[in-house]
Amino acid sequence: RRSKEGFVRLLGEDSTKAVDAALQVAFQIPSVDARIVEFRRLWEMAKVSLPEEAVTYEIANQLGVRLRKNGKYEEAKMFYLAALEGRRRVLGDKHKKTLDSMNNMGAIQYNMKDYEGALDYYQQAFRVQEKVLGKTHPDTLNTIMN
């Protein structure tokens with residue numbers, strides 16, 4: 001919390017370091033509903049002021065995770081898709097976080113009973129993981145399991 005306050009004072013509330021510190025503080029909020037509210041607040045700020053920063057898409061991903069766990073699949077899909085598109089643009093197609101987002105899209109499609117859509121995302125992730133990480137890497141094996 002103190003580091004967040006320090007970054008805000010020095011760099012402004014919408015700096016990358018301040019938003020990242022605020023995200024770390026938000027993870028500590030015990031109430032899932034209150035955590036989602038804080039993630040939404042951070043998302044609204046970051047998507048406007050930090051559209052080319054990875055932290056923006058980490059926030060979107062975390063919103064997707066929380067909403068999916070709460071059974072809000074349509075809304076989770078929207079945030080997972082924002083995370084995937086942003087990570088592709090900011091980090092590239094071969095980055096671990098981008099591949100994680102592909103897997104998340106597969107998982108949400110599966111939850112929504114769109115099995116062909118899920119398979120498509122899993123296969124996309126697998127093709128890149130196999131080339132970049134290798135066939136026996138835990139992330140590649142996890143994608144195969146999915």
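The coordinates are above.
Residues numbered from 1 in each chain as written. Predicted model: local features only at pLDDT ≥ 70, side-chain atom pairs only at ≥ 80, totals over all residues. Heavy atoms only, no water.

(A) Up close: the overall build of the protein chain. Looking only at helices and strands, one finds eight helices and zero strands in the protein chain. Written out in order from the N terminus, the α and β elements of the protein chain read α-α-α-α-α-α-α-α. Against the compact-globule benchmark of 15 Å for 146 residues, the protein chain has a radius of gyration of 16 Å, which places it among compact chains. Projected onto the principal axes, the alpha-carbon positions of the protein chain cover approximately 45 × 30 × 25 Å. Counting only contacts in the protein chain whose residues sit at least 6 apart along the sequence, the fraction spanning at least 24 positions is 47%. (Helix = DSSP H or I, 4+ residues; strand = E, 2+ residues; numbered from the N terminus. Rg over C-alpha atoms; globule rule 2.2 N^0.38 Å. Contact = heavy atoms within 4.5 Å.)

(B) Representation of the pattern of salt bridges. All told, the structure shown has nine salt bridges when counted by the stated rule. With a shortest N-O distance of 2.8 Å, Arg41 and Glu38 are connected by a salt bridge. Of the two residues, Arg41 and Glu38 both sit in helix α3 (residues 32-49), three residues apart, roughly one turn of that helix. By relative accessible area, Arg41 is classed as partly exposed at 33%. The exposure class of Glu38 is buried, given its relative accessible area of 17%. Here Lys96 and Asp139 are joined by a salt bridge, their closest N and O atoms 3.3 Å apart. One end of the pair, Lys96, is in helix α6 (residues 96-111); the other, Asp139, is in helix α8 (residues 138-145), and 43 residues separate them in sequence. Here the residues in one salt-bridge network are Glu58, Arg87 and Lys97, joined through shared partners. (Salt bridge = Lys/Arg side-chain N within 4 Å of Asp/Glu carboxyl O. Buried < 20%, exposed > 50% of the residue type's maximum accessible area, 1.4 Å probe, protein only.)

(C) Here's a closer look at the packing of aromatic side chains. By the definition in use, this model includes four aromatic pairs. Ring geometry for Trp43 versus Phe79: centroids 5.9 Å apart, planes at 80°, classification edge-to-face. Remark: Phe79 occurs in helix α5 (residues 73-91) and Trp43 occurs in helix α3; sequence separation between them is 36 residues. Relative accessible area serves as the criterion here: at 9%, Trp43 is assigned to the buried category. (Phe/Tyr/Trp six-rings, centres within 6.5 Å; stacked < 30°, edge-to-face > 60°.)

(D) Up close: the environment of Asn111. Examined against the element boundaries, Asn111 turns out to sit in helix α6. Measuring from C-alpha to C-alpha, the distance between Asn111 and Val32 comes to 20 Å, with 79 residues separating the pair along the chain. What Asn111 contacts, discounting residues up to four positions off in sequence, is Arg68 and Tyr73.

Function cannot be inferred from these measures alone, as they are strictly geometric.
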